[in-house]
Amino acid sequence: MLMAGCAAETKLRPTPEAGILQDNKSSAITEQEGVRLTADGAAWHGSPSDLERRVTPVYVRLENQGQRPLRLQYKDFALVGQESRFRYSALPPLSLRRATSSRDTEAQATILPASGPRGRVWVGGGYGYGPYRGWGPGWYGPGPWGWGSPFYGPYPYTYYEQPLPTEDMLNNALPEGTLEPGGTQEGFLYFQGVAHRENAVTLQVKLVDAETGEPFGSLGIPFQVSTK
């Protein structure tokens, strides 16, 4: 199976204005009203390994050192574009499930067609028999033993795409609920991919009293968006 490299892998790095940076330079800390937020935009190491090409995962840790019970709901978390001001709300993990039937739900993978440049086919692993009688990276199209060869026709290639959400995504997601004073909760939030849409975003957290529903503050950590 061949992996498609069409989508960019998104990494969020705290800006110099992000406040207290952690040692690994990919996470930052901010605090207000007794609530401390730690966020890391480059912490995902689970399955799927290409998750950052499909959505934007952000690890968060919340410590409630205040006097109010804190409501934790996905609608209270968002990435906001610095220039566009567009609000990307956190997505409930199960909303990422694309299958609509029980048969699709049980499927372990999806094989999708993807069209390459006309007259070319991607040779497995990124290598193929090239025009210099050797193995080298790249697209190889028509030609004798390489460019112009009728052996390499305008065929589509396929790639392996693991359905979302995976078990790792569900197990590591930030749970919704109430964070009582003195409590700590952590996990991943999943946002729509922001690569090629934003150069910088701010993770915003609305602080809401879990008993009264009253907002009592907000937290924000700015990130630069890098892709590769």
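See above for the structure.
For the structure given in this document, a descriptive report is provided here. (Residues numbered from 1 in each chain as written. Predicted model: local features only at pLDDT ≥ 70, side-chain atom pairs only at ≥ 80, totals over all residues. Heavy atoms only, no water.)

Once that is clear, we can look at the overall build of the protein chain. Looking only at helices and strands, one finds two helices and 16 strands in the protein chain. The burial tally for the protein chain puts 44% of its 228 residues in the buried class. By sequence separation, contacts in the protein chain at least 24 residues apart represent 65% of the contacts at least 6 residues apart. Working note: accessible area of the protein chain is about 12700 Å², and carbon and sulfur atoms make up 49% of it. (Helix = DSSP H or I, 4+ residues; strand = E, 2+ residues; numbered from the N terminus. Buried < 20%, exposed > 50% of the residue type's maximum accessible area, 1.4 Å probe, protein only. Contact = heavy atoms within 4.5 Å. Areas by Shrake-Rupley, 256 points an atom, 1.4 Å probe, with all protein chains shown as cover.)

A side chain of one charge can pair with a side chain of the opposite charge when the charged atoms of the two come close. Counting across every chain of the model gives seven salt bridges. Between lysine 11 and glutamate 52 there is a salt bridge, and its shortest N-O distance comes to 3.0 Å. Residue lysine 11 is found in strand β1 (residues 10–14), and its partner glutamate 52 is found in the loop between β4 (35–40) and β5 (55–64); the two are separated by 41 residues along the sequence. Grouping residues by exposure puts lysine 11 and glutamate 52 together as buried. (Salt bridge = Lys/Arg side-chain N within 4 Å of Asp/Glu carboxyl O.)

Next up on the list: the packing of aromatic side chains. Counting across every chain of the model gives four aromatic pairs. Taken together, a centroid distance of 5.0 Å and an interplanar angle of 85° make the contact between tryptophan 44 and phenylalanine 188 edge-to-face. A residue pair is termed long-range when its members are at least 10 positions apart, and tryptophan 44 in the loop between β4 and β5 and phenylalanine 188 in strand β14 (residues 184–192) qualify at 144 residues. We note that tryptophan 44, like phenylalanine 188, is buried. Taking the centre distance of 6.3 Å and the plane angle of 80° together, the rings of tryptophan 44 and tyrosine 190 count as edge-to-face. Residue tryptophan 44 is found in the loop between β4 and β5, and its partner tyrosine 190 is found in strand β14; the two are separated by 146 residues along the sequence. On the accessibility criterion, tryptophan 44 (5% relative accessible area) is buried. Following the ring pairs from residue to residue traces out a cluster consisting of Trp44, Tyr59, Phe188 and Tyr190. (Phe/Tyr/Trp six-rings, centres within 6.5 Å; stacked < 30°, edge-to-face > 60°.)

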